[in-house]
Structures are given as structure tokens and as C-alpha cells.
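Residue strings, one per chain:
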Amino acid sequence: MSLSGPEVQHQQQFSQMAKLLLIWNVTVTGVVAPFGNLMPLGLDYLQHLREALREEIVELEVLKDGGQAAVLRGRRIRTPSGTQTDDSVAVKLYANIDEDERIVREIDAASCAKSETLVDLLSHGITYLGDTKARYLVCRFIEGQPLSELLQDGPKPAIVPIVGRDVSTAIVTLWKQRIVHRDITPKNIILRTGIESAVLIDLGIAKRPGDGALTAAGETWGTRGYLSPEQSSGTRLTCMSDVFSLGVTLQHALAGVHPTGFNQNQLNSGGRSSHPRHLPTTSATMNLKAGTSMQQSPQPVT
Ligand SMILES: Nc1ncnc2c1ncn2[C@@H]1O[C@H](COP(=O)(O)OP(=O)(O)O)[C@@H](O)[C@H]1O
Ligand SMILES: [Mg+2]
């Protein structure tokens, strides 16, 4: 897609803003807490899990192993209340019980915010894999492809309106429950097969009013390059922080590259520069409305 004069200018301005934002992410907040705790269970956890869940879920296969959780695909044959069913599911498995409070928050957020544009939590439970206590979330499987994978082939301007529409709806649905997602990136958006709709997944660091901080001082959860300035600096958040992250994501999808021109590895290692003198703010830089509830000034959740 070729861009006209004002669009090119806007894109250049956006790129400048995003570079400032990256510098802010890196130099002001210090460490952005990494998603780096590998499953502590060794290679045989899959066997343990298949055995532990065999009455409820069958045909479990690993989709993704690493980060905070392993994600597996399977077929749910029975609900926790004993009703027979046949659902294609994604099972998110956490074996790091130090993280339990955060996982409970994820369950809580996914239980109360329901929309076709949000990952659908069907059930959850606690199980033992050998001696290791683990929590698992059973979500409806979304047939499709993460936006991050689609963008590996270059710009995808045709899907920008779909992602904008559906992720905005997801942000509004969450904010009606006063939840901020805090990790809207191309990795956490799945385009359903046929590319007619998008689903926001991964409520792993979603936050509600009154939730205490679960990170050490100076750390911020999230994905570098997509955080709003207020999230980077650890100040109080509203849904506008998610709108900011969606804006960066849409720009990425439109151009095929992150607004800074960096890939995720480069974003993670960050730039080195002095503090910017003028930091962008969410309301000043993004003019994207995600429904009527965005038109009032939202009150922060923390
Ligand atoms: N409901 C689902 N349907 C299909 N794929 C899923 C689903 N949930 C997660 N995945 C896949 O697993 C990956 C990791 O899931 P996510 O919830 O983002 O976990 P993490 O906290 O490790 O990032 C996603 O990027 C996606 O590819
Ligand atoms: Mg994720």
C-alpha cells in the first residue's frame, strides 16, 4: 500500500514518537520484567499432565513451551461438573507456584470479561505433576494465527481495521470491569482463520482496581516497545494505556515493522540514549476511540 503525503508525514511523526517511547522504556524504568522462567518440570511433564487430566482432556500436545507458561492443545471431553462435551481447547499450564497470585488474577479477569473478541476461559483447576503443584486454565481453542506470525511476511494493511475494531471491543469489555490488559502486542492477538475477526488473548498480567503491585520497585511488566509511557513509569493506568499499545500494534501491522524499525530482540535489548526532553503522553499521541466509554475521562485503576 502506498501512503500519501500527509500519511507519510504522520508515519514519520509516529516513528519519532515511538523511538522516544523506546528510549523512555529503556532508560527511565530500568528492567522490564522478562518472560523467562522456563517450566521447572523437565521433559516428562507432558506425561504427568496427560495422566492427571485424562478424565477431562485428551489428546494433549504442546503448542508452546516456555515463558511463564506452557500452552497445550487438546480436546475437552468432560466439564468439571461432569457433563460430557467435545471442545477443542488450549490449556495454559503454570507450574511456578511463586506466581500464584498473578495466575489467580488472570483467572479472575478472564472469568468476568466475556466477549467474542477475548480469549474464552472455560474452566480452570489445580493438579499435581509428580510432586509439583500446577494450575491450568482451559480456554476455547482459537483456530487462526498470531498477528506476530502474520507480520513476518510483511505489512498487512487489510487486517488493520479488523484488529482495530476487535481489539478495541476487547479493551472496552475489559474496562467495563475496570481491567487493564497491559500486554497488547502482535503476539497476543490471534487472527481467526479467514482473517475476518481477531481475538485478544493472554490476560496474564491484567490488572484490576486495588490489585497490589507484584513486581519489585523499578520493574514493569509488559512487552518493550508497546508500553504506554504511564505503564513504563509505573504510574496509575486506565484503558487508555491499552489503547496506546493497540495504536503501536496497528502501526506495526500497517507498516510491517515496529514504528522504531527494530525487531523484538532489538527492542528487548533496547537503545542507549539520554532521556528525551519531551515524552509523549497517551492522550496527546493517540486519537483512537475504542467505543463510547472511552469518550469520558477514565479513572485510573491503581
Ligand atoms: N485459546 C488459544 N487458542 C489458540 N492458541 C492459543 C490460545 N491461547 C494461547 N495460544 C497460543 O499460545 C501462545 C502463548 O499463549 P499466551 O496466553 O500468550 O501465553 P504467554 O503468557 O506464555 O505469552 C499464544 O501466542 C498462542 O500462539
Ligand atoms: Mg502471550
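Residues numbered from 1 in each chain as written. Chains lettered and ligands numbered in written order. Predicted model: local features only at pLDDT ≥ 70, side-chain atom pairs only at ≥ 80, totals over all residues.

Q: If you had to explain the overall build of the chain to someone new, which residues and values would you point to?
A: The number of helices and strands found in the chain is nine helices and eight strands. The 302 residues of the chain split such that 39% are buried. Put simply, 71% of the contacts in the chain that link residues at least 6 apart link residues at least 24 apart. (Helix = DSSP H or I, 4+ residues; strand = E, 2+ residues; numbered from the N terminus. Buried ≥ 20, exposed ≤ 12 C-beta atoms within 10 Å, placed from the backbone. Contact = placed C-beta atoms within 7 Å.)

Q: Requested: an account of the pairing of strand β7 (residues 189-192), with residues and values cited.
A: Inspection of the sheet shows strand β6 (residues 144-146) paired to β7 by three bridges, in the antiparallel sense. Its bridge partner lying in β7, Pro146 is registered against Ile190. Bridge analysis of β7 against strand β8 (residues 198-200) gives three bridges, and the strand direction is antiparallel. Bridge pairing in β8 links Leu191 to Ala198. Here β7 folds back onto β8, and the loop between the two strands holds five residues, one of which, Gly194, carries a positive phi near 100°. (Pairing = 2+ DSSP bridges.)

Q: Any details on the packing of helix α5 (residues 160-176) against helix α7 (residues 239-255)? Residues and values, ideally.
A: Look at α5 against α7: their axes get within 10 Å of each other, and the N-to-C directions meet at 165°. With respect to α7, the element α5 is oriented roughly antiparallel. Taken as a pair, α5 and α7 cross one another with a handedness that is right-handed. Here α5 contributes Val160, Val163, Gly164, Val167, Ser168, Ile171 and Trp175 to the contact with α7, which in turn contributes Cys239, Asp242, Val243, Leu246, Thr249, Leu250, Ala253 and Leu254. Residue classes in the contact of α5 with α7 are distributed as eleven nonpolar, three polar and one charged. (Axes fitted to C-alpha atoms, helices over the stretch in contact; angles between N-to-C directions. Parallel < 35°, antiparallel > 145°, perpendicular 65-115°, else oblique. Left-handed = near helix turned anticlockwise from the far one by under 90°. Nonpolar A, V, L, I, M, F, W, Y, C, P; charged D, E, K, R; others polar.)

Q: Tell me about the sheet that holds β7, residues and numbers included.
A: If you walk across this open sheet you meet the three strands as β6-β7-β8, and the pairing is antiparallel. Strands with a single pairing partner mark the edges of an open sheet, and in this sheet they are β6 and β8. On average, each strand axis in the sheet is tilted by 25° relative to the strand beside it, whichever way the strands run. Its contacts with the sheet place α5 against β7 and β8, and it is angled at close to 35° to β8.

Q: A description of α5 should follow, citing residues and the corresponding values.
A: In a regular helix each residue adds 1.5 Å, so 17 residues correspond to 24 Å; α5 covers 24 Å between its end C-alpha atoms and thus fits that length. Every buried residue belonging to α5 is among Val163, Asp166, Val167, Ser168, Ala170, Ile171, Val172, Thr173, Leu174 and Trp175, and all of these are buried. Within two residues after α5, Arg178 carries a phi angle of roughly 55°, on the positive side. (Expected span 1.5 Å × (residues − 1).)

Q: Describe unusual backbone geometry, with residues and values.
A: We note that Glu59 has phi near 60°; this positive angle belongs to a residue other than glycine. As for its position among the elements, Glu59 is in strand β1 (residues 57-66). With phi around 75°, Arg182 is a residue other than glycine that occupies positive phi space. Among the structural elements, Arg182 can be located in the loop between α5 and β7. The exposure class of Arg182 is buried, given the 25 C-beta atoms found within 10 Å.

Q: How would you summarise the confidence of the model for the chain if you had to cite specific residues and measurements?
A: Of the residues in the chain, 72% reach a pLDDT of 70 or more, and the chain-wide mean stands at 80. Contacts of residues 26-38 to residues separated by more than four positions or lying in other chains number 27 contacts, the stretch itself having pLDDT below 50. Low pLDDT, under 50, characterises residues 271-296; the predicted model gives this stretch 47 contacts beyond four residues in sequence or across chains. (pLDDT = per-residue confidence, 0-100.)

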